[in-house]
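Tertiary structure, described
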Amino acid sequence: MRVLLVGAGGVGTAITRIAARRTFFEAMVVADYDPARAEAAVTAVGDDARFVAARVDASDTAAVADLLALHRCDVLLNATDPRFVMPLFQAARASGANYLDMAMSLSRPHPERPYEECGVKLGDGQFAEAADWEKAGALALVGMGVEPGLSDVFARFAADELFDEIEEIGIRDGANLTVDGYDFAPTFSIWTTIEECLNPPVVYEADRGWFTTEPFSEPEVFDFPEGIGEVECVNVEHEEVLLVPRWVDARRVTFKYGLGNEFIDTLKTLHLLGLDRTEPVTVAGADGPVAVSPRDVVAACLPDPATLGERMHGKTCAGTWVRGSKDGAPREVYLYHVVDNQWSMTEYGSQAVVWQTAINPVVALELVATGVWTGAGVLGPEAFPARPFLELLTAYGSPWGMRERDLPCGR
């Protein structure tokens, strides 16, 4: 397998560090708009000749396709933010390469009823081209990070091995991470965080289909494992709600994120001031008017999450809560993956949130490279058997857990 990794930020750099310890691939070309970042990601893995750096504009489909051809790459791994999903997705299809990402094509709210009906859903742009991928015998594995990604694998595992019938699948994400020296310092891309937290959250119900609600709705207190404890979680737009029902039979699917009141208030203020907008506004510059995106300005004013590892303390938990029945008896479990920031920094030099995101696409690539996961078309993680993934994740040195619950979570 020859891989073109596009994006050498925190997650992309963590991917190189994880992949360097594995032997399933022949080459990995690390490409970024900023060549210095690509070079730094390659330098971080030492003298491993399988890694080379390159420069590419992720928005330039033709340039990405040319880079795939130049290095004879048979898979494109997208580690950029969601703005670049479609050009990279289409570059892979044009060049005949397989494709893998960790976030899907962007949504657009319903123009008249944004908090009741879906407009353009996450992933709609990619699923619209599924027939072309299937006809070509090519694989686009979408949403294969931690959330979405591992959380979807947990959903498939629950359906296959733990339940006969599923009432609800709820992705629940929480942490007790702190960052020394900052009053406000997101541990993941603020651009992506604004996008998913301020868009109308999507909920799925079998008798209603997909519908939307208001941001930060339906708060509930969820008790996270391994010392994290109780965290209030709220509805947030996320890919799992759009992916899980396509392959897993469940009566309800939700995603709730433990943000905290201070973080929510900050996001609401950004929205109130229009600083969450992506459309450029014109501001005065030293050499005349300059068009800038308010959201890009916010991101530029905050620390790069990848650089916060030395200041971070605590753990992050991604997991999937499932409620249903087995052998006629009610059952409720929480399948989860916890990463301690001190461990990930000591072992890999990557902070916990980006490392937890990065390990899952590497595991998936290995399963594809070895023929354990096969398929054609635009497929989510739920389309593949879960046990091989979970076994390989454990073999990577990052085990997952399961907590059986006697009482409904968050109720």
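Relevant structure appears above.
Conventions used here
Residues numbered from 1 in each chain as written. Predicted model: local features only at pLDDT ≥ 70, side-chain atom pairs only at ≥ 80, totals over all residues. Heavy atoms only, no water. Axes fitted to C-alpha atoms, helices over the stretch in contact; angles between N-to-C directions. Helix = DSSP H or I, 4+ residues; strand = E, 2+ residues; numbered from the N terminus. Parallel < 35°, antiparallel > 145°, perpendicular 65-115°, else oblique. Contact = heavy atoms within 4.5 Å. Nonpolar A, V, L, I, M, F, W, Y, C, P; charged D, E, K, R; others polar. Buried < 20%, exposed > 50% of the residue type's maximum accessible area, 1.4 Å probe, protein only. Polar contact = N/O pair within 3.5 Å; in protein donor to acceptor, adjacent residues only side chain to side chain.

**Observations concerning the packing of helix α8 (residues 190-198) against helix α10 (residues 261-272)**
Between two packed helices, both the angle of their axes relative to each other and the distance between the axes serve to describe the pair. Relative orientation of the contacting elements α8 and α10 amounts to 90°, with a least axis distance of 11 Å. Judged by the angle between their axes, α8 and α10 are roughly perpendicular. The residues of α10 that touch α8, namely those facing T193, I194, C197 and L198, are F263, L267, L270 and H271. Looking at side-chain class alone, the contact of α8 with α10 contains six nonpolar, two polar and no charged residues.

**Digging into the environment of D74**
With respect to the helices and strands, D74 occurs in the loop between α3 (61-70) and β4 (75-78). Accessibility expressed as a relative area gives 37% for D74, which makes it partly exposed. Residues D74 and G170 lie 96 residues apart in sequence; the distance between their C-alpha atoms is 35 Å. From its side chain, D74 meets the backbone nitrogen of R2 in a polar contact 2.8 Å long.

**Concerning unusual backbone geometry**
Cis geometry is adopted by the peptide bond preceding P148, which originates at E147 and carries an omega value of 0°. You can see P148 is positioned in the loop between β6 (139-141) and α7 (150-162). Phi is positive for R72, close to 55°, though the residue is something other than glycine. Mapped onto the elements of the fold, R72 is located in the loop between α3 and β4. Under the relative-accessibility criterion, R72 is labelled exposed at 56%. The phi dihedral of F216 falls on the positive side, at around 65°, and the residue is not glycine. By secondary structure assignment, the location of F216 is in the loop between β10 (209-212) and β11 (220-224).

**Brief notes about the side chain of S325**
Following the sequence through the fold, S325 ends up in strand β17 (residues 315-326). The class of S325 is buried, set by a relative accessible area of 19%. Non-local contacts of S325, meaning those with residues more than four positions away in its chain, are made with F163, D164, E165, P330 and R331.

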